[in-house]
Amino acid sequence: MKSYIWTLPTRVFHWLFASFMLIVFLTDDDKLLKYHAAIGYAILVLLIFRLFWGYFGPKYSKFKDFSANKKSIKDFIKNIFNENQKYIGHNPLASLVMLGMFVFSLLAVFTGIIVYGAEEHKGILSFLNSSFFKSFDDIHEFFANFIIFLVVLHLIGIFIDKVLHAKHETVNSIFSGYKKFDTKEDISLSIFQKLVALLFFISLIIFTLYNLFFNSIFIN
Ligand code: HEM
Ligand code: HEM
């Protein structure tokens, strides 16, 4: 039977995060840096939202539901061919990859802001002027490449899950919110969670428009 697992804010977060990542990689060119930085900042707002959601969000989005420890990962791999294997939220390896994406995206944003200040003399760190900070260029690129690696793992994981555990309809769940299990596992949001999520997404739109079209202190 169908159970509602990923609520609307989680799904909106996912597709904005994936789309913004794509844009940030398409704009890593000198002439497009303004857009690169603005969308990089939008990713920062998404990550702050996800941090909030990880502590105050619904059950399966909470970080305490991310069982990315050695024992759970071992159990998961040992039983991966068992067709009755069942994880309602993220499985342990998926949790690890996702936590990795959050941490490395945050690191990419911070090093991006440093390079933008040190090399372009723009943004909130435009006063940075030493070769030490200029060398963050390579570190920024390393973090970005690591994110690509994690996204590839994510997509391989989804494909393997589709082959081995198709009956839960996991791929579909990031569009519709629903997975299929033999028991009812539905969740719902409180008014507080709905309001804060709405507020975050409105702030994201205003902040990104400010960065793109006004004399933003983060971009100029
Ligand atoms: C066609 C492309 C994609 C598909 C079909 C897809 C599918 C999914 C699915 C099904 C889940 C939930 C998995 C579960 O139930 O454990 C998920 C979660 C996630 N995906 Fe993707 N994904 C795609 C692209 C991406 C990209 C490009 C990124 C990052 C740049 C990404 C980042 C994430 C993250 C961070 C989560 C965890 C969401 C959360 O807990 O808030 N995905 N994805
Ligand atoms: C998750 C967020 C981000 C990702 C994945 C990312 C990724 C990248 C990539 C792949 C490059 C090209 C590296 C190269 O070929 O040298 C680059 C360059 C750059 N990024 Fe980002 N970036 C992010 C966020 C930011 C932010 C927020 C800023 C500034 C506010 C920024 C500023 C820069 C600058 C100034 C460069 C040019 C460095 C150079 O001269 O090569 N990035 N970024």
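Read on for a plain summary of the structure.

The rules behind these values
- Each chain has its residues counted from 1, running along the sequence as written.
- In the order they appear in the text, chains get letters beginning with A and ligands get numbers beginning with 1.
- Two thresholds apply to this predicted model, a pLDDT of at least 70 for residue-level local features and 80 or more for giving and counting side-chain atom pairs, whereas whole-chain, interface and lining totals are computed over all residues.
- As a convention, hydrogens and water are excluded, and side-chain values are obtained from all of the structure's heavy atoms.
- To qualify as a helix, a DSSP run of H or I must reach at least 4 residues; to qualify as a strand, a run of E must reach at least 2; elements of each kind are numbered from the N terminus.
- Three labels apply to residues, based on accessible area from a 1.4 Å probe with only protein chains included: buried if under 20% of the type maximum, exposed if over 50%, partly exposed otherwise in between.
- Charged residues are defined here as Lys and Arg on the positive side and Asp and Glu on the negative side; His and the ends of the chain fall outside this count.
- The rule for a salt bridge is simple: a side-chain nitrogen of Lys or Arg has to be within 4 Å of a carboxyl oxygen of Asp or Glu.
- Pairing of N or O atoms within 3.5 Å defines a polar contact, subject to two protein rules: one partner must be a possible hydrogen donor and the other a possible acceptor, and residues neighboring in sequence count only if both atoms are side-chain atoms.
- The donor definition counts N, O and S atoms within 2.8 Å of each metal and applies 3.2 Å to Na, K and Ca; water is not among these atoms, so some sites may look incomplete.
- All geometry calls rest on donor angles, where a four-donor set with angles between 85 and 135 degrees is tetrahedral, four- and six-donor sets with opposite donors more than 155 degrees apart and all others between 65 and 115 are square planar and octahedral, and all else is irregular.
- We call a residue near a molecule or strand whenever a single non-hydrogen atom of that residue lies within 4 Å of it.
- Two kinds of site are reported from a 1 Å grid over the protein atoms alone, namely cavities, where a 1.4 Å probe fits but cannot get out, and pockets, open sets with protein on both sides within 12 Å along at least five of seven lines, and residues are called lining when an atom falls within 4 Å of a point.
- Whether a molecule sits in a cavity or pocket is decided by its atoms, more than half of which must lie within 2 Å of the grid points.
- Note that Gly is not counted as nonpolar here; it falls among the polar residues with everything else outside the nonpolar set of Ala, Val, Leu, Ile, Met, Phe, Trp, Tyr, Cys and Pro and the charged set of Asp, Glu, Lys and Arg.
- Each patch is assembled from residues with relative accessible area greater than 30% and no salt bridge, linking like charges that lie within 9 Å and nonpolar side chains (Val, Leu, Ile, Met, Phe, Trp, Tyr) that lie within 5 Å.
- Method for areas: the Shrake-Rupley scheme with a 1.4 Å probe, in which residue coverage is limited to the protein chains shown.
- Grid points are joined across faces, edges and corners, and a volume is the space filled by probe spheres set on the points.

### What to know about the side chain of Asp161
Mapped onto the elements, Asp161 comes out in helix α6 (residues 136-164). One buried charge, Asp161, has no salt-bridge partner; the nearest side chain with opposite charge is Lys179, at 6.7 Å. Of the polar contacts made by the side chain of Asp161, one reaches the side chain of Thr170; its length is 3.1 Å.

### Some remarks on the coordination of the iron atom of ligand 2
Surrounding the iron atom of ligand 2 are the protein donor atoms His36 (NE2) and His140 (NE2), at 2.0 Å. With six donor atoms in place around the iron atom of ligand 2 and angles of 86 to 179° between them, the coordination shape is octahedral. Here His140 lies in helix α6 and His36 lies in helix α2 (residues 33-56), a separation of 104 residues in the sequence. Grouping residues by exposure puts His36 and His140 together as buried.

### Some details on the site of ligand 2
Taken together, 22 residues lie around ligand 2, and Val24, His36, Gly112, Glu119 and His140 are the ones closest in. Contacts to ligand 2 include Asp137, whose side-chain N or O atom sits 3.3 Å from an oxygen atom. Because more than half of its atoms lie within 2 Å of the grid, ligand 2 is assigned to the second largest pocket. Of all the secondary structure elements, the ones that give two or more residues to the shell around ligand 2 are α1 (8-26), α2, α4 (92-120) and α6. Considering every element that reaches the shell around ligand 2, the biggest residue donor is α4, with eight residues. Here the residues of the shell around ligand 2 are counted per class, giving 13 nonpolar, five polar and four charged.

### Focus on a nonpolar patch on the surface
Together, Ile148, Phe149, Val152, Leu153, Ile156, Phe159, Ile160 and Val163 give the surface a local cluster of nonpolar side chains, amounting to about 720 Å² of exposed area. In this structure Val152 comes out as partly exposed when scored by relative accessible area, which is 42%.

### Here's the deal with the layout of surface pockets
In this model, the largest pocket occupies a volume close to 1,300 Å³. Lining the largest pocket are 47 residues; nearest its centre among them are Ala94, Met98, His154, Leu155 and Ile158. It is α6 that provides the largest number of residues to the lining of the largest pocket, a total of twelve residues. The computed volume of the second largest pocket comes to approximately 670 Å³. Surrounding the second largest pocket, 28 residues form its lining, Asp28, Leu33, His36, Gly112 and His140 being those nearest its centre. Of all elements in the fold, only α1, α2, α4 and α6 reach the threshold of two or more residues within the lining of the second largest pocket. The class makeup of the residues in the lining of the second largest pocket is 15 nonpolar, six polar and seven charged.

### Here's the deal with the coordination of the iron atom of ligand 1
Surrounding the iron atom of ligand 1 are the protein donor atoms His14 (NE2) and His154 (NE2), which sit 2.0 to 2.1 Å from the metal. Taken together, the six donor atoms coordinating the iron atom of ligand 1 span angles of 87 to 179° at the metal, a pattern that classifies the geometry as octahedral. Residue His14 is found in helix α1, and its partner His154 is found in helix α6; the two are separated by 140 residues along the sequence. According to the relative accessible area criterion, His14 is partly exposed, its value standing at 21%. Among the residues examined, His154 registers a relative accessible area of 18% and is labelled buried.

### A look at the site of ligand 1
What surrounds ligand 1 is a group of 23 residues, the closest being His14, Arg50, His90, His154 and Lys179. In this structure, an oxygen atom belonging to ligand 1 sits 2.6 Å away from a side-chain N or O atom of Arg50. Separating an oxygen atom of ligand 1 from a side-chain N or O atom of His90 is a distance of 2.7 Å. The cavity where ligand 1 resides is the largest pocket. Looking at the shell around ligand 1, the elements that each hand over two or more residues are α1, α4, α6 and α7 (170-176). Ranked by residues supplied to the shell around ligand 1, first place goes to α1 with seven residues. Residues belonging to the shell around ligand 1 are distributed by class as follows: 15 nonpolar, six polar and two charged.

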